[in-house]
Amino acid sequence: MAAEDLPSQFDVVILGTGLTESVIAAACSRVGQSVLHLDRRNYYAGNWASFTFNGLLSWIEEYKNQQELQITESEQEWRSLIEDGEEAVPLNSVDSSISNLEVFCYASEEEEQEEETKDLLTCPNAETVSEETNSDSTETQDTVTSDDVTESNVKVQNEENEDSAPKEQLHASDISEHSQSVEEKQPNRSPADPPAELQKKITYQKLLKEGRRFNIDLVSKLMYSRGALVDLLIKSNVSRYAEFKNIGRILTCRNGKVEQVPCSRADVFASKQLTVVEKRMLMKFLTFCLDFEQHPEEYQDYSEKPFSEFLKNKKLTENLQDFVLLSIAMVTQQTLTEEGLKATQHFLRCLGRYGNTPFLFPLYGLGEIPQCFCRMCAVFGGIYCLRHSVQCLVVDKESNKVKAVIDTRGQKIGCSHFVVEDSYIREEQRESIDYRQISRAVLITDRSVLPSESDQQISLVTVPPVESSGPAVRMVELCSSSMTCMPGTCLVHLTCSSSGTAQQDLAPVVSQLFHIPTTPGEDPSEGTGEISKPAVLWVMYFNMRDTSAMDSSCYSLPSNVHVCTGPDAGLGSDYSIKLAESVFHCLLPDEEFCPPAPNPEDIIYDGDAPQAEGRGFDESNDTEANKSQAEEEGTTNETNPENSEAAEMDSVAQETTLDTNPPSEE
Amino acid sequence: MSRKKALKGKGSSNTPNSSPSAEKEKGKKVSSQANGVVHPSRPSLSNSGEFYDIAFKVMLVGDSGVGKTCLLVRFKDGAFLAGSFISTVGIDFRNKVLSIDSMRVKLQIWDTAGQERFRSVTHAYYRDAHALLLLYDVTNKSSFDNIQAWLTEIHEFAQQNVVIMLLGNKADATHERIVKREEGEKLAKEFGVPFMETSAKTGLNVELAFTAVAKELKHRELKEPNEPKFQLQEYVNKEMKGVGCCRS
Ligand SMILES: Nc1nc2c(ncn2[C@@H]2O[C@H](COP(=O)(O)OP(=O)(O)O)[C@@H](O)[C@H]2O)c(=O)[nH]1
Ligand SMILES: [Mg+2]
């Protein structure tokens, strides 16, 4: 917390903590480069961030204020730091990558008296939270501290149901009280028989009060279980900092009806929507796709033609064509055959690594992942500074290279390389502009679009265009066990490439799949068809700039400045990981990209070798144990999906690291 | 590797947690925290070859320079590292198995990796801590004043039932002391957390801080319905050594 000065020289200064920049930071630090990693915001991950509900409201507020803000420049301050032979290149001080933000609340604003008594016990620390939420200040203000409560603190934590806890003790014990009641509630929930208390409507007050249980991502992506991100997490050992849940099912929406997509062998055979003939047809086709390269004669004639035509030619029923195109290959009508086949193959290869679908999702949201890479960077000595930016670059005129940056405190910091996220670059430094937009909607709903035995599943829903001209929309529905929303709600992310504003693009899909109350808290009327749809409690629309089409030729910047474009519209993160790797190789052509970090137990604290390497993982016994454990769990996956995937990830992580990184001698 | 993986309670059949009530307790944890990997039949071996029954994750927090890294190294290796190089090498986490009432409790202790220096600890760091040791430096007033700010951050991002303990470190530095012991006690009372003074240099109360946390966590995890509650602060008060009676 101290306002120390930063060192005056680094190998690499990195501005922006999005996924790409964070991976580069970890990679550089890992091989011994000194790294300074900055972000102008007070949170990690930039446009990749996730927020608590209250945090998101602050983010929205900030966006609104920024729209009104007049930028006043105070360039003179740093002018004096520019010496002869140097030139200053100023950076952007505002971010304009978010636009068209709209928020609508449909949750009832009223307080529910009956619940109030309960919530008294569950309200978080009054002092720290009530300011932001403005919600429970009235009923918590009188929870004064009495001097003798300290002793009772731990006792209350052990109490099963201390309803009789004197009110004065709340302050001292609120943390434990809270967790008690919350833990009690959650396991009780089952779709068949929700306790009366939970059937009650969730009010806006409740969303605020439970706001910290939300982790709402700005970017919605899943991780292909054999994609570049998972491979990198495993290879680098950064996966030790995160936990994952597998996506339980893939759904699609056809003729207004939500149904499950059969994609694994088991699914295909269990499917009730498919005829026996269709089942055989699909299995045969998918088996072909797995090694389609071996049978060029099958698709040669279609190499110039769309995948959709190829599917037609393969005599798949319309039903199946839609499934394969939209939900398995996840490509458009126009995508060429070979690309479609590759996408199908990738999907199939990812199946079964960690579960029934090819996808994983990080607990607590995607925003965890950049933070994990930042930690890895810090562990190897990288220095972190949020709320801290760069005003301008100092370019050596003769060599046309950046030699230093001037930070927002006016300190001149030398560096050999500068890595920066696109939104910090001014228009003057752009040669050409190729922006696209991503349309996003974030919904909090009261239940799943397709209720099933287990209400704790993550679903990927592919929604074909509502009108034939519109974009295909990708929807991810998260449940509370993914640690991204409060129990009794679902967090729904919609994403598509923009053709209009986010609201124009996505509102039709929202009203197709969800009930939108006309007045907050209103119930759908019987017999309208609305009754079967989940109700929207809260929704936010916004557009995010998609800069992924830009490359270095789009910027006029010194050669040792490396610009990282932001998240793309795709489902996976491969684009951002590949970009990080290529920037890293540009910086350090001879170094390995993210070699496995040693076991922390093996780092030796020795003045002579501060960066002592560990001996790798001498854990061959563990691996076997883990492996069989994973196998066991893989087969009994159904009942307890939350737990098995993490264990499997473990086993694969160890397998991989052990294979690629034999123990080196000490 | 998943961070929760190695941390789950591992009840071998002869430990108390195979009792029905303990099973229930675990089931509860699984669904509420999504982290309950429970393998009742598998005994566990730590890296160093030590078996353990149950494992927890403990995070160190507090201002830069208060002695977090030294406290960790002192506890794990019994050594005191003076000088500056230690801050240049990030410590990720270290494991230590303690024997608590004939049970082997593994603590996995995480350091901030220096990200606290400019107040940039990732939210991810707090996510699944079972316990947090919150440190200030008795020779540094501002590290004491910042405790409130750290608690705010903890309340926002840590699990709600996390065990918190306040530690006033560098108790050996009698001449430079600025924060009185009573002030620490008062603050701890205000926030309802247990408190003690420690010294990573002399080792004062270092074992005790971690042992007390391990006892509390173990007790919670294996709670028997009729068992008397474990009184963390009482235990600490009883076992704690004052600065005077120790070596300083
Ligand atoms: N006298 C004294 N010095 C300590 C103690 N603990 C740590 N230090 C010193 O305080 C400085 C900072 O310690 P460090 O563990 O790096 O703090 P951190 O930033 O919180 O991890 C180092 O110079 C240590 O030698 C202690 O208990 N007593
Ligand atoms: Mg440290």
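- Under an unreviewed UniProt entry, chain B has the name Ras-related protein Rab-26 and belongs to Danio rerio.

- In the annotation of an unreviewed UniProt entry, chain A is listed under the name Rab proteins geranylgeranyltransferase component A and assigned to Danio rerio.
- Its UniProt record gives chain A the following Subcellular location (unreviewed entry) comment, quoted word for word: "Cytoplasm, Cytosol".
- Taken directly from UniProt, the Function (unreviewed entry) text for chain A runs: "Substrate-binding subunit (component A) of the Rab geranylgeranyltransferase (GGTase) complex. Binds unprenylated Rab proteins and presents the substrate peptide to the catalytic component B. The component A is thought to be regenerated by transferring its prenylated Rab back to the donor membrane."

## A look at the site of ligand 1
Residue and element names in this part refer to chain B.
For step 1, the next point in the chain: Lining the immediate surroundings of ligand 1 are 20 residues, of which Gly-65, Lys-68, Thr-69, Asp-172 and Ala-200 lie closest.
For step 2, the next point in the chain: Contacts to ligand 1 include Cys-70, whose backbone N or O atom sits 2.8 Å from an oxygen atom.
For step 3, the next point in the chain: Contact distances for ligand 1 include 2.7 Å between an oxygen atom and a backbone N or O atom of Ala-200.
For step 4, the next point in the chain: Burial of ligand 1 by the surrounding chains reaches 83%, relative to a free accessible area of 570 Å².
For step 5, the next point in the chain: Counting residues per element, the shell around ligand 1 draws most heavily on helix H2 (residues 68-77), at three residues.
For step 6, the next point in the chain: For the shell around ligand 1, the class distribution of residues is seven nonpolar, seven polar and six charged.

## Description of the environment of A:Thr489
Residue and element names in this part refer to chain A.
For step 1, the next point in the chain: For Thr-489, the position within the fold is in the loop between strand E18 (473-478) and strand E19 (490-497).
For step 2, the next point in the chain: The exposure class assigned to Thr-489 is buried, which follows from its relative accessible area of 5%.
For step 3, the next point in the chain: For the pair Thr-489 and Pro-465, spaced 24 residues apart in sequence, the C-alpha to C-alpha distance is 26 Å.
For step 4, the next point in the chain: Among residues more than four places away in sequence, those in contact with Thr-489 are Ile-202, Phe-214, Ile-444, Thr-445, Ser-480 and Leu-537.
For step 5, the next point in the chain: Engagement of the side chain of Thr-489 in a polar contact is seen with the backbone oxygen of Met-486, the distance being 2.7 Å.

## Considering the environment of A:Asp301
For step 1, the next point in the chain: By secondary structure assignment, the location of A:Asp301 is in the loop between helix H13 (276-290) and helix H14 (307-313).
For step 2, the next point in the chain: A C-alpha to C-alpha distance of 9.6 Å links A:Asp301 and A:Thr337, two positions 36 residues apart in sequence.

## Notes on the sheet that holds strand E4 (residues 93-100) of chain B
Residue and element names in this part refer to chain B.
For step 1, the next point in the chain: Within the open sheet, the six strands sit side by side as E4-E5-E3-E6-E7-E8. Their pairing is mixed. Each edge of the open sheet carries a strand with a single partner, namely E4 and strand E8 (195-197). Going across the sheet, the axis of each strand differs from the next one's by a mean of 25 degrees, ignoring polarity.
For step 2, the next point in the chain: Across three bridges, strand E7 (residues 163-169) lies against E8 in parallel orientation. The residue of E8 that forms the bridge with Leu-166 is Phe-195.
For step 3, the next point in the chain: Running at roughly 165 degrees to strand E6 (residues 131-137), helix H5 (residues 147-157) makes contact with strand E3 (54-62), E6 and E7 of the sheet.

## Concerning H5(B)
For step 1, the next point in the chain: Most of H5(B) sits inside the fold, with nine of its eleven residues counted as buried.
For step 2, the next point in the chain: Of the residues making up H5(B), those classed as buried are B:Ile147, B:Ala149, B:Trp150, B:Leu151, B:Glu153, B:Ile154, B:His155, B:Glu156 and B:Phe157.

## Concerning the packing of aromatic side chains
The geometry of an aromatic ring pair is captured by two quantities: the separation of the ring centres and the angle between the planes.
All names here are of chain A.
For step 1, the next point in the chain: As enumerated under the stated definition, the model contains 23 aromatic pairs over all chains in all.
For step 2, the next point in the chain: Between Phe-53 and Tyr-204, the ring centres sit 6.0 Å apart and the planes meet at 80 degrees, which makes this aromatic pair edge-to-face. Highlighted residues: Phe-53 in helix H2 (residues 53-68) and Tyr-204 in helix H10 (residues 204-209), separated in sequence by 151 residues.
For step 3, the next point in the chain: Of the residues examined, Phe-53 reaches a relative accessible area of 0% and is grouped as buried.
For step 4, the next point in the chain: Measuring from ring centre to ring centre gives 6.1 Å for Phe-347 and Phe-359, while their planes differ by 75 degrees; the resulting arrangement is edge-to-face.

## Considering the sheet that holds strand E17 (residues 459-463) of chain A
All names here are of chain A.
For step 1, the next point in the chain: Pairing is mixed across the open sheet formed by eight strands, whose spatial order is E5-E20-E16-E19-E18-E17-E9-E10. In this open sheet, the two strands that pair with only one neighbour each are strand E5 (98-105) and strand E10 (257-260). Direction aside, neighbouring strands of the sheet carry axes that sit 20 degrees apart on average.
For step 2, the next point in the chain: As judged from the four bridges shared by strand E9 (residues 249-254) and E17, these two strands associate in the parallel manner. Looking across to E17, one finds that Ile-250 is bridged to Leu-460.
For step 3, the next point in the chain: Sitting on the sheet, helix H15 (residues 318-328) is in contact with E9, E10 and E17, with an inclination near 120 degrees to E9.

Conventions we followed
- Numbering of residues starts from 1 in each chain and follows the order in which that chain's sequence is written.
- Lettering for chains starts from A, numbering for ligands starts from 1, and both go in the order in which the items are written.
- Predicted model: local features are reported for residues with pLDDT of at least 70 only, side-chain atom pairs are reported and counted for 80 or more only, and whole-chain, interface and lining totals are derived from all residues.
- Computation of side-chain values: all heavy atoms of the structure, hydrogens and water removed.
- UniProt positions are given in the numbering used here, feature names are shortened, and annotations may be inferred rather than shown by experiment.
- Proximity criterion: a residue is near a molecule or strand once any of its heavy atoms comes within 4 Å of it.
- Whenever two N or O atoms come within 3.5 Å, that pair is a polar contact, provided that in protein one can donate a hydrogen and the other can accept it, and provided that, for residues adjacent in sequence, both atoms are side-chain atoms.
- Accessible areas in this description were obtained via Shrake-Rupley with a 1.4 Å probe; residue shielding takes into account the shown protein chains only.
- The helix and strand labels rest on DSSP assignments: H or I over at least four residues marks a helix, E over at least two residues marks a strand, and numbering proceeds from the N terminus.
- Just so you know the grouping, Ala, Val, Leu, Ile, Met, Phe, Trp, Tyr, Cys and Pro go in nonpolar, Asp, Glu, Lys and Arg go in charged, and all remaining residues, Gly too, go in polar.
- Categorising residues by exposure relies on relative accessible area from a 1.4 Å probe, with only protein chains included: less than 20% of the type maximum marks a residue as buried, more than 50% marks it as exposed, and the intermediate range marks it as partly exposed.
- Pairs of residues are marked as contacts when any of their non-hydrogen atoms sit within 4.5 Å.
- Strand pairing is assigned whenever DSSP detects at least two bridges linking the two strands.
- To obtain an axis, a line is fitted to C-alpha atoms, over the contacting stretch when the element is a helix, and the angle between two such axes runs from 0 to 180 degrees between their N-to-C directions.
- Stacked, tilted and edge-to-face are the three classes applied to pairs of Phe, Tyr and Trp rings, where Trp contributes its six-membered ring and a pair requires centres within 6.5 Å; stacked means planes under 30 degrees apart, edge-to-face means over 60, and tilted covers the rest.

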